[in-house]
Amino acid sequence: MDYQKTWEVMNDLETSFNQIVTIETLVNDLEASVNAQDLEEIKTITKALVHYLPVYLNQYDKASKRAWNNTVLKVAETDVPYRDKISFTEDQSPITFRDNLYKEVVKYYEET
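First things first, this report covers the structure right here in the doc. (Residues numbered from 1 in each chain as written. Predicted model: local features only at pLDDT ≥ 70, side-chain atom pairs only at ≥ 80, totals over all residues. Heavy atoms only, no water.)

Attention now goes to the packing of helix H1 (residues 3–18) against helix H3 (residues 39–70). For the pair H1 and H3, interaxial distance at closest approach is 9 Å and the crossing angle is 160°. Considering the angle they form, H1 stands roughly antiparallel to H3. Between H1 and H3 lies a crossing whose hand is left-handed. Of the residues in H3, those in contact with Lys5, Thr6, Glu8, Val9, Met10, Asp12, Leu13, Ser16 and Phe17 of H1 are Tyr56, Gln59, Tyr60, Ala63, Ser64, Arg66, Ala67 and Asn70. Among the residues making up the contact of H1 with H3, the classes are represented as eight nonpolar, five polar and four charged. (Axes fitted to C-alpha atoms, helices over the stretch in contact; angles between N-to-C directions. Helix = DSSP H or I, 4+ residues; strand = E, 2+ residues; numbered from the N terminus. Parallel < 35°, antiparallel > 145°, perpendicular 65-115°, else oblique. Left-handed = near helix turned anticlockwise from the far one by under 90°. Contact = heavy atoms within 4.5 Å. Nonpolar A, V, L, I, M, F, W, Y, C, P; charged D, E, K, R; others polar.)

Checked against the element boundaries, asparagine 70 lands in helix H3. In this structure the side chain of asparagine 70 is engaged in a polar contact, spanning 2.8 Å, whose partner is the backbone oxygen of arginine 66. Beyond its immediate chain neighbours, meaning those up to four positions away, asparagine 70 contacts Met1, Lys5, Thr6 and Val9. (Polar contact = N/O pair within 3.5 Å; in protein donor to acceptor, adjacent residues only side chain to side chain.)

Honestly, it's all geometry; don't read function into it.
Structure follows, in structure tokens:
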């Protein structure tokens, strides 16, 4: 596992997550507009949320998967205490490996 790569992907994840402040601001503005019964402002803010939220979720999803792939999956190549003989093989995709590993993590924590 590479420190620089790990730092980069985790920083990207944090940067992506921090964009939630924009949603929080819009929701607060929407609440104020509802309380003021300002229908035009309600429409404008709602439209902004409808358009911004999918973009935010997509960016966060990409950053999250990149962070997972470059941290957890990298460590899993050599050291996973709860792994039940799961290892990456050439005949499976990284996505299948990630999904199987995720199931093992859930199983491990459900049993403890």
